[in-house]
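Letter by letter, the chains look like this.
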Amino acid sequence: MPQVGFRKPHLSWRVPKRFYDLYENATIDVAKVQTIGKNISVLAYEMNGEMGQVYKKDGKTWQESPNGPPLPTELQRALRHGYYAAVSFLDFEVGRLLDTLDELSLASST
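The rules behind these values
Residues numbered from 1 in each chain as written. Predicted model: local features only at pLDDT ≥ 70, side-chain atom pairs only at ≥ 80, totals over all residues. Heavy atoms only, no water. Helix = DSSP H or I, 4+ residues; strand = E, 2+ residues; numbered from the N terminus. Rg over C-alpha atoms; globule rule 2.2 N^0.38 Å. pLDDT = per-residue confidence, 0-100. Phe/Tyr/Trp six-rings, centres within 6.5 Å; stacked < 30°, edge-to-face > 60°. Buried < 20%, exposed > 50% of the residue type's maximum accessible area, 1.4 Å probe, protein only. Pairing = 2+ DSSP bridges. Polar contact = N/O pair within 3.5 Å; in protein donor to acceptor, adjacent residues only side chain to side chain. Salt bridge = Lys/Arg side-chain N within 4 Å of Asp/Glu carboxyl O. Contact = heavy atoms within 4.5 Å.

### Details of the overall build of the chain
Next, step 1: A count of helical and extended segments in the chain gives 3 helices and 2 strands.
Next, step 2: Helices and strands in the chain line up, N terminus first, as α-α-β-β-α.
Next, step 3: Here the C-alpha atoms of the chain give a radius of gyration of 18 Å, more than 25% beyond the 13 Å that 2.2 N^0.38 yields for 110 residues.
Next, step 4: With the principal axes as the frame, the chain shows a C-alpha extent of 55 × 30 × 25 Å.

### A look at the confidence of the model for the chain
Next, step 1: Summing up the model confidence of the chain, the mean pLDDT is 84 and the portion of residues at 70 or higher is 91%.
Next, step 2: Here helix α2 (residues 42–46) is the element of the chain with the lowest mean pLDDT, 68, and helix α1 (residues 17–20) is the one with the highest, 96.

### Concerning the packing of aromatic side chains
Next, step 1: Under the criterion given, the structure shown has 5 aromatic pairs.
Next, step 2: Judged by centre distance (6.2 Å) and plane angle (70 degrees), the ring pair of tryptophan 13 and tyrosine 83 falls under edge-to-face. Residue tryptophan 13 is located in the segment before α1, and its partner tyrosine 83 is located in helix α3 (residues 73–103); the two are separated by 70 residues in the primary sequence.
Next, step 3: In this structure tryptophan 13 comes out as partly exposed when scored by relative accessible area, which is 22%.
Next, step 4: Residue tyrosine 83 is classed as partly exposed on the basis of its relative accessible area, which comes to 38%.

### Details of the pairing of strand β2 (residues 60–63)
Next, step 1: Note that strand β1 (residues 54–57) and β2 share 4 bridges and pair antiparallel. Residue pairing for β2: tyrosine 55 is matched across the bridge by tryptophan 62.

### Describing the environment of aspartate 21
Next, step 1: With respect to the secondary-structure elements, aspartate 21 resides in the loop between α1 and α2.
Next, step 2: Remark: the alpha-carbon pair of aspartate 21 and proline 2, spanning 19 residues in sequence, is separated by 33 Å.
Next, step 3: Polar side-chain contacts of aspartate 21 include one of 2.8 Å to the side chain of lysine 17.

### Re unusual backbone geometry
Negative phi characterises most residues that are not glycine, and trans characterises most peptide bonds.
Next, step 1: In this model, serine 105 sits at a positive phi of 60 degrees, which is unusual for a non-glycine residue.
Next, step 2: With respect to the element layout, serine 105 can be found in the segment after α3.
Next, step 3: Relative accessible area serves as the criterion here: at 61%, serine 105 is assigned to the exposed category.

### Some remarks on the pattern of salt bridges
Next, step 1: Scanning all chains against the criterion turns up 3 salt bridges.
Next, step 2: Between lysine 17 and aspartate 21 there is a salt bridge; the shortest N-O distance is 2.8 Å.
Next, step 3: Close ionic contact of arginine 96 with glutamate 93 constitutes a salt bridge, the shortest N to O distance being 3.0 Å. Taken together, the positions of arginine 96 and glutamate 93, both in helix α3 and 3 residues apart, correspond to about one turn of that helix.
Next, step 4: Residue classification places arginine 96 among the partly exposed positions, given a relative accessible area of 46%.

### Here's the deal with the side chain of arginine 77
Next, step 1: Here arginine 77 shows up in helix α3.
Next, step 2: Look at arginine 77 and you get buried, because its relative accessible area is 18%.
Next, step 3: Excluding residues that lie within four positions of it along the chain, arginine 77 makes contacts with Asn25, Ala26, Ile28 and Val30.

Following this line, the structure appears as structure tokens:
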């Protein structure tokens, strides 16, 4: 039986440019809270997705850490931009799948 699976929207952002073009980087908000909450364990923070990821931008290296400084605003925007593009790409691919199921008259049995 055929199966399908999707990996996005997770790092790394390998998304066609047209999905990046849907969003303007400068208008993307960053998190209002830039530090770990006092009731959140470091373990919970570090086990959350890609936390601990190392980023390089403009010759500088940044690493997400509950005890370190927040990532620069522009880097946060770039990461969110990639996430938004990946979600839009995934949405597009799911739409293609659903359209194909309809075309093959398989939607009602899937």
